Amino acid sequence: MALSIGIVGLPNVGKSTLFNALTQASVEASAYPFCTVDPNVGVVDVPDSRLAQLAEVLEPQSVTPTQVRFVDIAGLVRGASRGEGLGNQFLGHIRECDALVHVVRCFEDPQVSHVEGDSDPLRDVETIEAELMLADLETAEHGRNRLDKILHSNPRAPERLEMDTLETAIVALNEGKPVRALKWGKEEAATISPYHFLTGKRVLYLANVGESQLPDGGEAAGTLRAHTVDGEVVVICAQVESEIAELEEVDRLTFLKDYGLESTGMDRLIFSAYKLLDLITFYTSVNDKLQAWQVTRGSTAPRAAGRIHTDMEKGFIRAEVAACQDVLVEGRMDTLKGTGRLRVEGRDYVVGDGDVIRFLFKAN
């Protein structure tokens, strides 16, 4: 299952232009609020040089990279939680996303109106965060009302832990604190997980700057960095990225160098999302099919097998593991057996970034 990222922000901050550049889609992007009505969904392959090298050496019949699924909803405005604008109608589409990309306008353009009248990145961030907290508060209060009825008839019901955890979240939200600021134990985190709180998700702030502000983003992006404590800031010019997306691969590097950039904003955004969620990549090569998979750093071999299929996790026996570099040098996994570089690992093995793995499991 692809990593899923929701795109949020005020209207006219460049969200649809960004989405077009990411997915090379033809989503309408106009200089007026609420251009995006229905949520836009696009899936993007994750750039992976190791996968390309493995494919060149192993020569499989098929190669499948990891992917990121982006969901772009209508821009939120002040009062969205009370029904203002259109974005509030579509918050449900991003509740199950793994993380959020918050696009912040850090450019000046008199041809593109700002819903607040003028550009102020910090105010805009606070506006969106407040609306997400209010939406979460409504979700939490609905949950509390439901649990209150259960516990009223049975005070010792197992839902007591859920109620206590929910109450903690409600207090925090009323104090203007996002749910992600709370430190949950494993049991509390498990009981609160089904609520998919928007402010419980990790956030990647994307400073959409003007062309002349590349590569560092200028004063506005610097201000955003200085005041952002719970997420990374990626500088990007959505308009430039849309131009890059139209170029052939061979011309992109020259275009990027003209702006003092080493990689596209799209690549930096994806890699920053991996870092934010502490993800790594492992590979499988089975039946002449080479595939990359994403998993949280620190995951055990059975958990990694479960990324492929739940039956593989349940029936896990062992894993044959080789480092990517060893496979590239040798050219085949099988010939690594005699060298000791193809290891047999059990249930407690923690998967490493770049591992090439064959899973052995008992089918149910």
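In this text the structure is predicted, and so the values were computed from the model without any measurement. (Residues numbered from 1 in each chain as written. Predicted model: local features only at pLDDT ≥ 70, side-chain atom pairs only at ≥ 80, totals over all residues. Heavy atoms only, no water.)

Peer 1: Mind showing me how you'd approach the overall build of the chain here?
Peer 2: When helices and strands are tallied, the chain shows 12 helices and 12 strands. For 364 residues, the compact-globule formula gives about 21 Å, and the C-alpha radius of gyration of the chain, at 23 Å, lands near that figure. Dimensions of the chain, computed from the C-alpha atoms along their principal axes, are close to 70 × 65 × 35 Å. Going through the 364 residues of the chain one by one, you find that 49% of them count as buried. For the chain, the proportion of contacts with a sequence separation of at least 24, taken over those separated by at least 6, is 68%. Surface exposure of the chain reaches about 18000 Å², of which carbon and sulfur atoms provide 48%. In the chain, 37 positive and 56 negative side-chain charges are present, and the distance between their average locations comes to 8 Å. (Helix = DSSP H or I, 4+ residues; strand = E, 2+ residues; numbered from the N terminus. Rg over C-alpha atoms; globule rule 2.2 N^0.38 Å. Buried < 20%, exposed > 50% of the residue type's maximum accessible area, 1.4 Å probe, protein only. Contact = heavy atoms within 4.5 Å. Areas by Shrake-Rupley, 256 points an atom, 1.4 Å probe, with all protein chains shown as cover. Lys, Arg positive; Asp, Glu negative; His and termini not counted. Charge placed at Lys NZ, Arg CZ, Asp CG, Glu CD.)

Peer 1: Got a minute to help me understand the confidence of the model for the chain in this structure?
Peer 2: Any segment with low pLDDT has predicted coordinates that should not be analysed in fine detail. Per-chain confidence: the chain averages 88 in pLDDT, with 92% of residues scoring 70 or above. Across residues 26-37, confidence stays below pLDDT 50; counting only partners more than four residues off in sequence or on other chains, it has 32 contacts. (pLDDT = per-residue confidence, 0-100.)

Peer 1: I keep staring at the environment of Val329 and nothing clicks. Help me out?
Peer 2: Assignment of secondary structure puts Val329 in helix α12 (residues 324-330). Overall, the relative accessible area of 59% leaves Val329 in the exposed class. With 97 residues separating them along the chain, Val329 and Glu232 place their C-alpha atoms 36 Å apart.

Peer 1: What am I meant to see in the sheet that holds strand β1 (residues 3-8) here?
Peer 2: Two orientations exist for strands paired in a sheet by backbone hydrogen bonds: parallel and antiparallel. With mixed pairing, the 6 strands of this open sheet are ordered in space as β2-β4-β1-β5-β6-β7. With partners counted over all chains shown, the strands left at the sheet margins are β2 (40-45) and β7 (233-236), one partner each. Averaged over all neighbouring strand pairs, the angle between strand axes comes to 25°, with direction disregarded. Taken together, the 5 bridges between β1 and strand β4 (residues 67-72) define a ladder with parallel strand orientation. Its bridge partner being in β4, Ile5 is matched across the sheet by Phe70. Across the sheet, helix α1 (residues 15-23) lies against β1, β2, β4, β5 (99-106), β6 (202-209) and β7, angled at about 40° from β2, the strand it touches most. (Pairing = 2+ DSSP bridges. Axes fitted to C-alpha atoms, helices over the stretch in contact; angles between N-to-C directions.)

Peer 1: Before we go on, may I ask you to explain the layout of surface pockets in this structure?
Peer 2: In this approach a probe as big as a water molecule rolls over the atoms, and the regions it shows empty are the leftover space. There is about 1300 Å³ of room inside the largest pocket. Along its surface, the largest pocket is lined by 33 residues, and Cys97, Asp98, Ser193, Lys201 and Leu277 are the ones closest to its centre. Of all the elements in the fold, those that place two or more residues in the lining of the largest pocket are β1, α5 (186-192), β9 (289-296), α10 (301-308) and α11 (310-314). Residue composition of the lining of the largest pocket, by class: 14 nonpolar, 9 polar and 10 charged. (1 Å grid on protein atoms, 1.4 Å probe; cavity = no way out; pocket = protein on both sides within 12 Å on 5 of 7 lines; lining within 4 Å. Points joined across faces, edges and corners; volume = space filled by probe spheres on them. Nonpolar A, V, L, I, M, F, W, Y, C, P; charged D, E, K, R; others polar.)

Peer 1: How do you make sense of the pairing of strand β10 (residues 316-323) when you look at a structure like this?
Peer 2: Two faces, one strand: in a regular strand the side chains alternate between the faces of the sheet. Direction of pairing for β10 relative to strand β12 (residues 355-361): antiparallel, over a ladder of 7 bridges. Each bridged residue has a counterpart across the sheet, and for Glu320 the counterpart in β12 is Arg358. Inspection of the sheet shows β10 paired to strand β11 (residues 343-345) by 3 bridges, in the antiparallel sense. Paired with Ala319 across the two strands is Glu345, which belongs to β11.

Peer 1: What should I look at first to understand the packing of aromatic side chains in this one?
Peer 2: For any two aromatic rings, the description comes down to two numbers: the centre-to-centre distance and the angle of the planes. Summed over all chains, the structure comprises 4 aromatic pairs. Both rings, one in Tyr195 and one in Phe197, keep their centres 5.6 Å apart while their planes meet at 5°; by these two values the pair is stacked. Each member of the pair, Tyr195 as well as Phe197, carries the same accessibility label: buried. Summarising the aromatic geometry, the rings of Phe282 and Phe359 are spaced 6.1 Å apart at their centres and angled 85° between planes, so their arrangement reads as edge-to-face. (Phe/Tyr/Trp six-rings, centres within 6.5 Å; stacked < 30°, edge-to-face > 60°.)

Peer 1: So what exactly am I meant to see when it comes to the pattern of salt bridges here?
Peer 2: Opposite charge on two side chains makes pairing possible when the charged atoms of those side chains draw close. Here the structure, examined in full by the defined rule, presents 14 salt bridges. Between Asp353 and Arg50 there is a salt bridge, and its shortest N-O distance comes to 3.0 Å. Note that Asp353 is positioned in the loop between β11 and β12 and Arg50 in helix α2 (residues 49-58), a separation of 303 residues in sequence. Each of Asp326, Glu330 and Arg341 takes part in salt bridges that share partners, so that together they form one network. (Salt bridge = Lys/Arg side-chain N within 4 Å of Asp/Glu carboxyl O.)

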